[in-house]
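Coordinate analysis (summary)
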Amino acid sequence: IPFLQLAQDRSYHLYVVSNQSGVARNMFQEESVRQINQAIDGILKGHKINIKEWQYCCYHPEGTGKYSSESYYRKPWPGMVIKLAEKYGIDLSRSLMLGDKDSDVLRVFGIQNLIVQGKYPIQPKLLTPYHHNCFDSFSALNLWAQKFL
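Values in this document were obtained by computation on a predicted structure and should not be read as measured data.

What follows is about the packing of aromatic side chains. This structure, assessed with the given rule, holds five aromatic pairs. Note on Tyr15 and Tyr88: the rings are 5.2 Å apart at their centroids and 50° apart in plane angle, and the pair reads as tilted. Here Tyr88 lies in helix α4 (residues 79-88) and Tyr15 lies in strand β1 (residues 14-19), a separation of 73 residues in the sequence. Relative to Phe148, the ring of Trp144 has its centre 5.6 Å away and its plane inclined at 35°; by these criteria the two rings are tilted. Of this pair, Trp144 and Phe148 both sit in helix α5 (residues 138-148), separated by four residues, roughly a single helical turn. What links up through ring pairs into an aromatic cluster is the set Phe135, Trp144 and Phe148. In this structure, Lys101 packs its charged tip against the face of Tyr120, placed 4.2 Å from the ring centre. Over the aromatic face of Trp77 sits the side chain of Arg107, whose NZ or CZ is 4.5 Å from the ring centroid.

If you look at the biggest cluster of nonpolar residues, it comprises 14 residues, and the most contacted ones within it are Phe3, Leu114, Phe135, Leu141, Trp144, Ala145 and Leu149. Among the elements of the structure, α1 (2-9), β4 (112-116) and α5 are those that each provide at least two residues to this core. Discounting chain neighbours no more than four positions away, the residues touching Leu149 are Phe3, Leu6, Ala7, Arg10, Tyr12, Leu96 and Trp144. With 11 residues, the next largest nonpolar core counts Met80, Met97, Val108 and Ile111 among its residues.

Across the junction of Lys75 and Pro76, the peptide omega takes the value 20°, indicating a cis bond. In this structure, Pro76 sits in the loop between β2 (51-57) and α4. Its identity as a non-glycine residue notwithstanding, Asn26 has a phi of 60°, on the positive side. According to the relative accessible area criterion, Asn26 is exposed, its value standing at 57%.

Side chains carrying opposite charge are able to pair once their charged atoms draw close together. According to the stated counting rule, one finds five salt bridges in the structure shown. With a closest N to O distance of 2.8 Å, Lys87 and Glu53 form a salt bridge. Highlighted residues: Lys87 in helix α4 and Glu53 in strand β2, separated in sequence by 34 residues. On the basis of relative accessibility, which here comes to 14%, the residue Glu53 falls in the buried class. What emerges from the salt-bridge pattern is a single network uniting Glu30, Glu31 and Arg34.

Structurally, Asp41 is set in helix α3 (residues 30-46). Here the side chain of Asp41 touches Trp54 through a polar contact of 3.2 Å, side chain to side chain. The contact partners of Asp41, leaving out residues within four places of it in the chain, are Ile51 and Trp54.

A few words on the pairing of β4. In terms of burial, β4 is a largely internal element, four of the five residues being buried. With four bridges joining them, strand β3 (residues 96-99) and β4 adopt parallel strand pairing. From the neighbouring strand, Met97 faces β4, where its bridge partner is Asn113.

About the criteria used
- Residues numbered from 1 in each chain as written.
- Predicted model: local features only at pLDDT ≥ 70, side-chain atom pairs only at ≥ 80, totals over all residues.
- Heavy atoms only, no water.
- Phe/Tyr/Trp six-rings, centres within 6.5 Å; stacked < 30°, edge-to-face > 60°.
- Helix = DSSP H or I, 4+ residues; strand = E, 2+ residues; numbered from the N terminus.
- Lys NZ or Arg CZ within 6 Å of the ring centre and 35° of its normal.
- Core = buried A, V, L, I, M, F, W, Y, C linked by side-chain atoms within 4.5 Å.
- Buried < 20%, exposed > 50% of the residue type's maximum accessible area, 1.4 Å probe, protein only.
- Contact = heavy atoms within 4.5 Å.
- Salt bridge = Lys/Arg side-chain N within 4 Å of Asp/Glu carboxyl O.
- Polar contact = N/O pair within 3.5 Å; in protein donor to acceptor, adjacent residues only side chain to side chain.
- Pairing = 2+ DSSP bridges.

Shown next as structure tokens:
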């Protein structure tokens, strides 16, 4: 939350893009994704954090039904971010992508990817030209943000 507050205070607009392959793999329904996003949005609003738009991708190549395929909208592909950039006139060269796993390193030049080590291991082979900064904790991310945002 402190990182989001600082980014917002420094005139960044906040968007959420997430993979939700559990829908394609019948682990949960798409409606559950919407409900969870609304609940998180409510928590963030309680901290005066405004998410301008929520995007999610349900596709997965090992899924079943209508979401059973690869998709340009599935991270690490940049489809959701490109869609938001076109809709809102976002300059990706002045944008940040925050995530906690390898698939959050978007495959688009210009955007600065910030990865916080969490429960998912970060694979060094995936630290491509698209990757910029990896942090071992949210505290480290917040220190970086105070200096560079």
